[in-house]
Amino acid sequence: ILVRIAQGLTESGFDVEVAVDGIDGLRKIAENKAAFDLIISDIEMPKMNGYEFAKKVRTIGQLKTVPLIAFTTKNSPEDLQEAKTAGFTTFLEKSKGKLLSLLVNECLSNTKRKSA
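Residues numbered from 1 in each chain as written. Predicted model: local features only at pLDDT ≥ 70, side-chain atom pairs only at ≥ 80, totals over all residues. Heavy atoms only, no water.

(A) Just the nonpolar core, in detail. Counting residues in hydrophobic clusters, the biggest one holds 19 residues, and the most contacted among them are Ile-29, Ile-39, Phe-53, Val-57, Leu-63 and Phe-88. For this core, the secondary structure elements donating two or more residues are helix H2 (22-31), helix H3 (50-57), strand S3 (68-72) and helix H4 (77-86). No other element matches the 4 residues that H3 contributes to this core. Residue contacts for Phe-88: discarding those within four places in its chain leaves Ser-41, Ile-43, Gly-50, Tyr-51, Ala-54, Leu-68, Ile-69, Ala-70 and Ala-83. (Core = buried A, V, L, I, M, F, W, Y, C linked by side-chain atoms within 4.5 Å. Buried < 20%, exposed > 50% of the residue type's maximum accessible area, 1.4 Å probe, protein only. Helix = DSSP H or I, 4+ residues; strand = E, 2+ residues; numbered from the N terminus. Contact = heavy atoms within 4.5 Å.)

Here it is as structure tokens:
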């Protein structure tokens, strides 16, 4: 699913960086000097879950207010609250993946087109 999402965003004109897990995501953020306008993350990942990843992203000065989308199968009210507490801006169930490009466009309106 990740490859299809990245491909769809690229076809829509976004510059996309793909990370295999939270640790790889933090490495790519560092390599790119935190120059991202949007970050999309799963909650369930190896090595570092999405909640931990979001908390670490929010400690990076340039990324404190960047839209951070949780894209996941976890959809209980408790999961939603934990995602918000961790620093996610919004939450989208993977079963509603077709809405992702609309959500990305809404989050990035009037900004440079770069996402991770």
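(B) Quick look at the pairing of S3. Counting buried residues along S3, 5 of its 5 residues qualify, which places the element largely inside the surrounding structure. Taking every second residue as pointing to the same face, both faces of S3 are buried, with Leu-68, Ala-70 and Thr-72 on one and Ile-69 and Phe-71 on the other. Where strand S2 (residues 39-41) lies against S3, 3 bridges are found, and the strand directions are parallel. In the strand pairing of S3, Ser-41 is matched with Ala-70. Crossover handedness for the path S2 to H3 to S3: right-handed. Note that S3 and strand S4 (residues 90-93) share 4 bridges and pair parallel. Across the sheet, Ile-69 pairs through a bridge with Thr-90, a residue of S4. Handedness of the β-α-β unit built from S3, H4 and S4 comes out right-handed. (Pairing = 2+ DSSP bridges. Right-handed = clockwise from strand over helix to strand, strands pointing away.)

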